[in-house]
Amino acid sequence: MKVTIDNITIEVEPGTTIMQAARQIGAHVAPPAMCYYEPLKGSGGKCRACLVKVTAGSEKDPRPMPKLVPSCITQVQDGMIVENTTNPQVLDARKGVVEFLLLNHPLDCPVCDQAGECHLQDFAFEHGVSKTRTIEERNTFETQDLGPYIQLNMNRCVLCYRCVYTADQVTEGRVHGVMHRGDHAEISTYIEKAIDNDFSGNVIDVCPVGALTDKTYRFKNRVWFTKPVDAHCDCGKCSGKVTLWYRGDEVIRVTARKNEWGEVQDFICNTCRFERKKTSDWTIEGPMKVARHSVISANKYGASSIKPAFPLKQAAEQYKQIDDNRDRSFLEPQKQLK
Amino acid sequence: MKILTQHIDVPGIETIDVYRKHGGYSAVEKAIKTMAPDEVTEEVKKSGLRGRGGAGFPVGMKWSFLAKPEGVPRYLVCNADESEPGTFKDHYLMMKSPHTLIEGMIVSSYALGANTSYIYVRGELMYVINILEKAIQEAYDKGLLGKNILGSGYDLDLFVQPGGGAYICGEETALLESLEGKRGNPRNKPPFPAVKGLYQCPTVVNNVESIAATSWIVNNGGEEYAKIGVGRSAGTKLISVSGHVRKPGVYEIPLGITVEDFIYSDEWCGGIRDGHKLKAVVAGGSSVPILPAELILKTTNGENRLMTYESLSDGGFATGTMLGSGGFIVMDETTCIVHNTLTFARFYHHESCGQCSPCREGTGWMDKVIHRIEHGKGRMEDIDLLVDVAKKIEGNTICPLGDAAAWPVAAAIRHFRDEFEWHVKHPEEATKPGAVFMREGASWTL
């Protein structure tokens, strides 16, 4: 099937969504995604950040679609022509979506753990306007502890439902969901029941903003000061493939590995995430592949004193032997989570 | 010409014996004994009956879209959620004559080949649910429901499901989610319910009034039904009138009478209450654009506006509105449009499901801004802000609730901008109890 996005034509499999096709072309064409998360079944369609204009439905029926469509859940048709950043209507709608998402957002980026790797920051930077038009009081919520490791700051939440799908699909027993309606809707656990599950920590990784944070990492550091390193261990519960985040020679955070789109490759267990915080727990593979535009890369490519080889060298000198036959498949477009 | 409410005032019509004495359930006998399911669908197509819930999509066409894979059950779901402010026609019909709906359900289910059907009733109407339950039991007792209806071999089970009273559950896919026992969040479309609906099976969702009309169509033929009304607006429509008229209530009108007739003739609303003048009308439930007196009575071409889908939407949203669900709200010159818009905005803010960002945040924002204007704290730029916010919600949401929230605000500003400006400019005067702006030279100015 042929589909044209922003004047670039690509051949894709039937059943591909516009978002997937655009991602195959590259990051400069891919629409932003706040709620869509490829590994999670049923995600997408909610945030409306990825709205695009379909100017020709298909070869057979070249009529344009009357409304903007969410690219993450709209399947391509043969001969479809899509306008993403080349359409002013799309850009205007996205400005609106940024404005709506920030309307009740506390804008506490200076103290937010997610700052620097926040999808809302990226989205607002790319598509937002610099001036706010609201003078209304923001809706606020109390912070909640979801078990010993996770804290929920509902003020920052954009209700993408990713954590709900994760809790549904990765963890057993459904105690995590959305309560109430409209702008007073909130993520919550069943009558404040702690999420008590070996994989519950993954909700932190899927959260696009700083609503769900790791209590073992909270306020410890800024992400741009850290150096991410791929590592693995023999874990009986999960794949054991993680990213370690170093500050100096201290592991201050463990997360699952993410691809270019910020999507988790293998969900990891809580033991790996919260308990194994010594370098000796891990076999170091090498520096995480970070996109050059990422704020994290400042530590790796920017300053001449810190070379990309730094973690490799450090690990080789001080710790276990380096296994450089890393599985790179996580950089490829992903399959749906089974 | 009355179709649905012909016998509605007969004492005891809610019981099956009285209902049958007045020709009730003849459509079931005719359809099941003498017609093939496709023939029933064909009659409904010929009738030109359009969905009475608000969108006005042709019922026969909706039925023909129903996927019919082998070995997969199909469902008919009756949308009796009716929560649109200003609309109370289904409520009235079910309360007074429950068998009219049940007869329609049997005929429609037969046409679609559904063996299980549901009536999803809004949770607040518990007594209506009791009335329906009782009527369904009577129908079971007479062999009109259950196994082997009238010896034909066709089986149908009919269930009534109370909802939780959320406005969003009147949206068909949210209704299906709710019916499945989940949180009533609208689904992304496609797939449409006709392909994957209730329990992922092909499903048709129709309004109470649409389903109830099918039995008359079976009895008298689709062509007879198409003769009533004008052009593509065929048949009769229940209109629930509220507001400042002499005789508010539910009226069954043949589509095609003029709006002026409807408001002023003694047969229907009986005119505006004494000593007052018509200011504005919301013609089809709170979500359709409000129109000022001169535009609701006449189109911009100077023609009389008719009670039809086409005539009411003549001129687009710039000068027109929609027939919608038939919730006809009439306002005289004592109504403050800003206050009225605030009431609507507050409703949509409260009822937004919170799934998609434009509707979740936008409805709350509009509510807060209009609240400020109404309470004397508005700024001039707020008026344009509201227009822009409404524009950014409209069309960008998962379900039509976003549009429904945006339209009334945009229309109120489009037609009554001076009133909003007056609130901003003269906050002290505007916040006095009962204060209303009088437009100079307007037809409603006393």
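Residues numbered from 1 in each chain as written. Chains lettered and ligands numbered in written order. Predicted model: local features only at pLDDT ≥ 70, side-chain atom pairs only at ≥ 80, totals over all residues.

As annotated in an unreviewed UniProt entry, chain B is NADH-quinone oxidoreductase subunit F from Flectobacillus roseus. For the record of chain B, the UniProt heading Sequence similarities (unreviewed entry) holds the text "Belongs to the complex I 51 kDa subunit family." (UniProt positions renumbered as here; feature names shortened; annotations may be inferred.)

Now for the interface of chain B and chain A. Across the contact, 23 residues belong to chain B and 25 residues belong to chain A. Taken together, the elements giving at least two residues each to the side of chain B that touches chain A come down to helix 15 (337–351), helix 16 (357–374) and helix 17 (380–393) of chain B. No other element matches helix 16 of chain B, which puts nine residues into the side of chain B that touches chain A. Looking at the side of chain B that touches chain A residue by residue, the class counts come to six nonpolar, twelve polar and five charged. (Contact = placed C-beta atoms within 7 Å. Helix = DSSP H or I, 4+ residues; strand = E, 2+ residues; numbered from the N terminus. Nonpolar A, V, L, I, M, F, W, Y, C, P; charged D, E, K, R; others polar.)

All names here are of chain B. Spatially, the five strands line up as an open sheet ordered 8-7-11-9-10, and their pairing is mixed. In this open sheet, the two edge strands, each paired with only one partner strand, are strand 8 (249–254) and strand 10 (290–292). The mean angle between the axes of side-by-side strands here comes to 30 degrees, regardless of whether they run parallel or antiparallel. As judged from the six bridges shared by strand 7 (residues 236–243) and strand 8, these two strands associate in the antiparallel manner. Its bridge partner lying in strand 8, Ile-239 is registered against Tyr-251. Its contacts with the sheet put helix 5 (residues 89–96) on strand 7 and strand 8, and the angle it makes with strand 7 is roughly 110 degrees. (Pairing = 2+ DSSP bridges. Axes fitted to C-alpha atoms, helices over the stretch in contact; angles between N-to-C directions.)

Residue and element names in this part refer to chain B. Residue placement: Lys-33 occurs in helix 2 (residues 26–34). A sequence separation of 118 residues divides Lys-33 from Gly-151, and the C-alpha atoms of the two residues are 8.9 Å apart. With near-sequence residues (within four places) excluded, Lys-33 lies in contact with Leu-150 and Ser-152.

Residues and elements named next belong to chain B. If you look at the biggest cluster of nonpolar residues, it comprises 220 residues, and the most contacted ones within it are Val-77 and Cys-78. In terms of residues, this core owes the most to one element, helix 18 (residues 401–425), which gives twelve residues. With residues near it in sequence (within four places) discarded, Cys-78 still touches Leu-101, Met-105, Tyr-118, Ile-119, Tyr-120, Asn-206, Val-208 and Ile-211. (Core = buried A, V, L, I, M, F, W, Y, C linked by C-beta atoms within 7 Å. Buried ≥ 20, exposed ≤ 12 C-beta atoms within 10 Å, placed from the backbone.)

Here we take up unusual backbone geometry. The linkage connecting Lys-189 of chain B with the following residue, Pro-190 of chain B, adopts the cis geometry, with an omega of -5 degrees. Locating Pro-190 of chain B in the fold gives a position in the loop between helix 8 (172–179) and strand 4 (203–207). Backbone torsion omega between Pro-190 of chain B and Pro-191 of chain B reads 0 degrees, so that peptide bond is classified as cis. Mapped onto the elements of the fold, Pro-191 of chain B is located in the loop between helix 8 and strand 4. Although it is not a glycine, Leu-107 of chain A sits at a positive phi angle of roughly 55 degrees. As for its placement among the helices and strands, Leu-107 of chain A is situated in the loop between helix 2 (88–103) and helix 3 (119–127). Residue Leu-107 of chain A is classed as partly exposed on the basis of its C-beta count, with 13 C-beta atoms lying within 10 Å. For Gln-200 of chain B, which is not glycine, the phi dihedral falls at a positive 65 degrees.

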